[in-house]
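Residue-level listing of the chains:
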Amino acid sequence: MPIVNSKTGKIRKDYSVEDLKEAANLMRGYNLVSLAAAKSGHSGGTLSIMDITAALYLHVANHDPQNAAWPDRDRIIWSAGHKAPSLYLGLGMAGYYNVEDVVTLRKLYAPFQGHPHWPKLHGVEASTGSLGQGLSIAVGIALAAGLDEKDYRVYCLMGDGEQQEGQIWEAVMEAGHYKLDNLCGIIDKNRLQIDGWVEDVMNVEPLVDKYKAFGWHVIKIDGHDMDSILDGFRKAAKKKGKPTLLLADTVKGKGVDFMEDVAGWHGKPPNEEQMWDGLKQLGLDKKLPVKKLFKKADDYQKKATRELEAKQPKFSKDYFWNAAKNMKVDMDPTRKGFGRALAEHGDNKKVCALGADISGSITISQFYEGQPERMDRWFSMGIAEQSGTGVCAGLAKEGKLPVFGTYGVFASGRNLDQLRTTVCYGDFNVMIAGAHGGVSVGPDGATHQALEELYQMCGLPNMHVEVPCDAVETKRATEHMLFKVKGPKYVRFAREATPVVTDKKSPYKYGKANVIRFRGAKASFKDAFEHKLASQYKTESEDISIIACGPSVPEAMRAAWILKEEFDIETRILNVHSVKPLDTTAIVKAAAETGVVVTAEEHQVGGFGNQVAAAIGKSARVYGKPTIIGMVGVQDRFGESGAPWELVKEFEVSAEHIAAEAKRLYDLKVERLVSGAEAKAKKAAKKPVKKKIAKKKVVKKKPAKKKTTKKKAVKKKPAKKKATKKKVVKKKPAKKKATKKKVVKKKPAKRKTAKKKVVKKKPAKRKTAKKKVVKKKPKARKSTRTRRKR
């Protein structure tokens, strides 16, 4: 059914087959411009699925752009979330918004995130991006339609490489079991994924037979022939008693010859020259308002930048990386250090490397690149993190040293149960590489930004966790963890090029933190700092401590520079590359000696900070010592798309935010010290008369027995009963007070003598005597009292 007015039932716009072909071609052009403007994104898959997108949003699906939440609309789920630009263009062409707005793709604050996020954009049905999950969502929606007695249809768009994910087949089984004939799955079978041809990475064929075996009706179509596409959708709508799969044969990068059937264009955008080449091939170089679109993107970016910078802490000058004439720093992605370690040590016959379709991106491919003799120890697991983790356990059980790498968000989350139950519980010698940690992943957005791994990994018994600060330290950590640490191990590193702040001479000892001190600005940022093992460092009476891990260490160093230049505050930086085990000795020492601790992490705040705070809180060394703790990290929110360094600022994990928090806590420390000194001065100025009396009483009344003796000795004839009944004294305050007053005022000296005698003699016997005297022979009490008077 074409696009309708949900209130009147009338058609808003009808597209003929020729109109749909033209729309699909135009959408390909907008796609190229948007990707080029973003300088980021997925070209190949967005071009291969565009004809299906045009057919679905402009002709097949029953929906109303003016009423996105219409209850009777058809639902379209994009399980292949990386093809989001195609989704955005489909919605724009349908009238949900001006299609030209898609040119702000992947920019900070824009609704057109790197992967779909439904709360930000009308028409998007679900937030997706982690492959293999969309079909399960579609099954749930299809079941809900039955419960609500609705006749809407549910469509789910998937990739063929995505079929490697185990969850897909759970959903396939469920849909067949419940005979969901209102569900239509579409596979964009372009035969390529990031690591190469699907059949080479991890063959998923025969898909037709597999889906049929689970009770699905399967229709093969030509994904670039509009008549074939529309016919397939018509047949699917008529099929009763079974879910339907449209298996669409497509070409990755369709319409641009240098992109077609090239795996390298999976996650790569065109530059401007390549964009113009593509537009010419599509016949759109003179039809699309390219200059206007680029200006729109540029204006939006300027606005977003102004908004972002307005929120940043302000200092007397710009301290950002390489902004000053001095303090220059080299940049290198930390993931490169991981790859270099594998390349250098891959000859060890025990080492096996396992990839999860993003091998080049995380540099695990360096294990075998240029080393064909290692290929028998390289295993491509495809898009299957859970099974890949279990395979590693099996290899480790037989004495191998398996290294399994993928994005940190999948390496620590998608396979968490397998890591817990199979790897950690079995205490197997498996190394997991969690790449692309933190928000600096950038424009891919929330689904690909790992911000929770430290909660997950540090909570697993037997797990060892390293978070190196730069490419050099990442190489050293990888080497040490692989060969020196036995048991489960996790190395977290970033994607973006980050400052290189260490070298081969910098100390590195597993399980031990380093102290870093700023020694004054120099031409090279790295040379402006001194590194020492924390165990070998003697205090310099610094004002504060910044305790950091990973890419936050260079930011902490830059913060120390800011604090010294702006406020003359001396900072002790702790580089805690080993997060589990944690160097609690160095942490506690820093807290005790500086009194102010700021933790810094490119992670949900507390993943690292809470562990530091716990170490300080449990230490006897800081009991009674005022210690102020602050934490800098992502403030309990999901990431979003944007340039890497924009996100470091937006999520408040930059040096400027660290410095601002450190200054705030330092001022609080000074305020407390000043107020404390003033309070002491006031106390010293007062006459401590009452306090002295209180002190004497407290000192001399320490043991309970002495108190009892004192009271008995002071009181007269019937006083013994009162003295024996210590508790009764509280009931009759009048008599007691009177007795006390008489004794204190008349014979204070004798009381003191009596006390001394009682202390030196045997109080236990006295007690016994008292009891006998009270109960049997009251005369004995007189003789006892007489002795005391003497």
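Structure report, in brief.

Definitions and limits used
Residues numbered from 1 in each chain as written. Predicted model: local features only at pLDDT ≥ 70, side-chain atom pairs only at ≥ 80, totals over all residues. Heavy atoms only, no water. Helix = DSSP H or I, 4+ residues; strand = E, 2+ residues; numbered from the N terminus. Contact = heavy atoms within 4.5 Å. Areas by Shrake-Rupley, 256 points an atom, 1.4 Å probe, with all protein chains shown as cover. Phe/Tyr/Trp six-rings, centres within 6.5 Å; stacked < 30°, edge-to-face > 60°. Buried < 20%, exposed > 50% of the residue type's maximum accessible area, 1.4 Å probe, protein only. Lys NZ or Arg CZ within 6 Å of the ring centre and 35° of its normal. Axes fitted to C-alpha atoms, helices over the stretch in contact; angles between N-to-C directions. Parallel < 35°, antiparallel > 145°, perpendicular 65-115°, else oblique. Nonpolar A, V, L, I, M, F, W, Y, C, P; charged D, E, K, R; others polar. Expected span 1.5 Å × (residues − 1). Pairing = 2+ DSSP bridges. Disulfide = S-S within 2.5 Å.

### Here we look at the overall build of the protein
Okay, so step 1: Scanning the protein from N- to C-terminus turns up 30 helices and 24 strands.
Okay, so step 2: Looking at the protein alone, contacts between residues at least 24 apart form 78% of all its contacts between residues at least 6 apart.
Okay, so step 3: Accessible area of the protein: about 35800 Å², with a carbon and sulfur share of 54%.

### Re the packing of aromatic side chains
Okay, so step 1: The tally for this structure, following the rule as stated, stands at 18 aromatic pairs.
Okay, so step 2: Ring geometry for W321 against F525: centres 4.9 Å apart, planes inclined by 70 degrees, an arrangement best described as edge-to-face. Linking W321 in the loop between helix 11 (290-310) and strand 10 (331-333) with F525 in the loop between strand 18 (514-518) and strand 19 (529-533), this pair joins segments that are 204 residues apart in sequence. When sorted by exposure, W321 lands in the same class as F525, which is buried.
Okay, so step 3: Grouped by ring-pair contacts, the aromatic residues F315, Y319, W321, F518, F525, F529, W561 and F567 constitute a single cluster.
Okay, so step 4: For R75, the ring lying beneath its charged end belongs to Y152, and the centroid distance is 3.9 Å.
Okay, so step 5: The positively charged end of K663 is found above the aromatic ring belonging to F567, 4.8 Å away from the centroid.

### Here we look at unusual backbone geometry
Okay, so step 1: With an omega of 0 degrees, the peptide bond running from E205 to P206 counts as cis.
Okay, so step 2: Omega for the bond connecting K580 with P581 falls within 30 degrees of zero, at 5 degrees, which places this linkage in the cis form.
Okay, so step 3: Residue placement: P581 occurs in the loop between strand 22 (578-580) and helix 20 (584-594).
Okay, so step 4: For E149, which is not a glycine, the phi torsion comes out positive at approximately 55 degrees.
Okay, so step 5: E149 sits in the exposed class, given a relative accessible area of 76%.

### A few points about the packing of helix 1 (residues 17-38) against helix 10 (residues 272-282)
A pair of packed helices is captured by two measures, namely the crossing angle of their axes and the spacing between those axes.
Okay, so step 1: Running from amino to carboxyl end, helix 1 crosses helix 10 at an angle of 175 degrees, the nearest separation of the two axes being 10 Å. In terms of orientation, helix 1 and helix 10 fall into the roughly antiparallel class. The residues of helix 10 that touch helix 1, namely those facing N25, R28, G29, L32, V33 and A36, are M275, G278, L279 and L282.
Okay, so step 2: Here the residues of the contact of helix 1 with helix 10 are counted per class, giving 6 nonpolar, 3 polar and 1 charged.

### Concerning helix 12 (residues 334-345)
Okay, so step 1: Between the first and last C-alpha of helix 12 there are 18 Å, a value that for 12 residues agrees with the 16 Å anticipated at 1.5 Å per step.
Okay, so step 2: Along its buried surface, helix 12 packs onto strand 10, helix 13 (359-362), strand 13 (401-407), strand 14 (431-435), helix 18 (471-484) and strand 17 (497-499).

### Concerning the packing of helix 20 against helix 21 (residues 609-617)
Okay, so step 1: At a minimum axis distance of 9 Å, the contact between helix 20 and helix 21 shows a crossing angle of 75 degrees. Here helix 21 runs roughly perpendicular to helix 20, going by the angle between their axes. Facing helix 20, whose interface residues are T584, I587, V588 and A591, helix 21 presents V612, A615 and I616.
Okay, so step 2: Its residues placed into classes, the contact of helix 20 with helix 21 shows 6 nonpolar, 1 polar and no charged.

### Some details on the sheet that holds strand 12 (residues 378-380)
Okay, so step 1: Pairing is mixed across the open sheet formed by 7 strands, whose spatial order is 12-11-13-14-16-15-22. At either end of the open sheet lies a strand with only one pairing partner, and these are strand 12 and strand 22. The mean inter-strand angle of the sheet, taken between neighbouring strand axes irrespective of direction, is 20 degrees.
Okay, so step 2: Lying on the sheet, helix 14 (residues 385-397) is in contact with strand 11 (351-355) and strand 13; it crosses strand 13 at an angle near 165 degrees.

### Considering the state of the cysteines
Okay, so step 1: Across all of its chains, the model carries 0 disulfides by this definition.
Okay, so step 2: Unpaired in terms of disulfides, C156 finds its nearest cysteine sulfur in C184, a separation of 9.5 Å.
Okay, so step 3: A relative accessible area of 0% means that C156 is categorised as buried.

### Describing the environment of M431
Okay, so step 1: Its place among the elements puts M431 in strand 14.
Okay, so step 2: The spacing of M431 and L482 is 51 residues in sequence and 6.8 Å in space, taken between C-alpha atoms.
Okay, so step 3: Once residues lying within four places of it in the same chain are set aside, the contact partners of M431 are P402, V403, F404, T478, M481, L482, K489 and V491.

### Side note on the sheet that holds strand 19
Okay, so step 1: The strand order across the open sheet built from 6 strands is 19-18-21-20-23-24, with neighbouring strands paired in mixed fashion. Each end of this open sheet is capped by a strand with a single partner; those strands are strand 19 and strand 24 (628-634). When strand polarity is set aside, the average angle formed by the axes of neighbouring strands in this sheet is 25 degrees.
Okay, so step 2: Relative to strand 23 (residues 596-604), strand 20 (residues 544-548) is paired through 4 bridges, and the arrangement is parallel. Residue pairing in the sheet places I547 in a bridge with T599 of strand 23.
Okay, so step 3: Together, strand 18, strand 19, strand 20, strand 21 (571-575) and strand 23 form the strand contacts of helix 19 (residues 552-567), whose direction differs from that of strand 20 by roughly 160 degrees.

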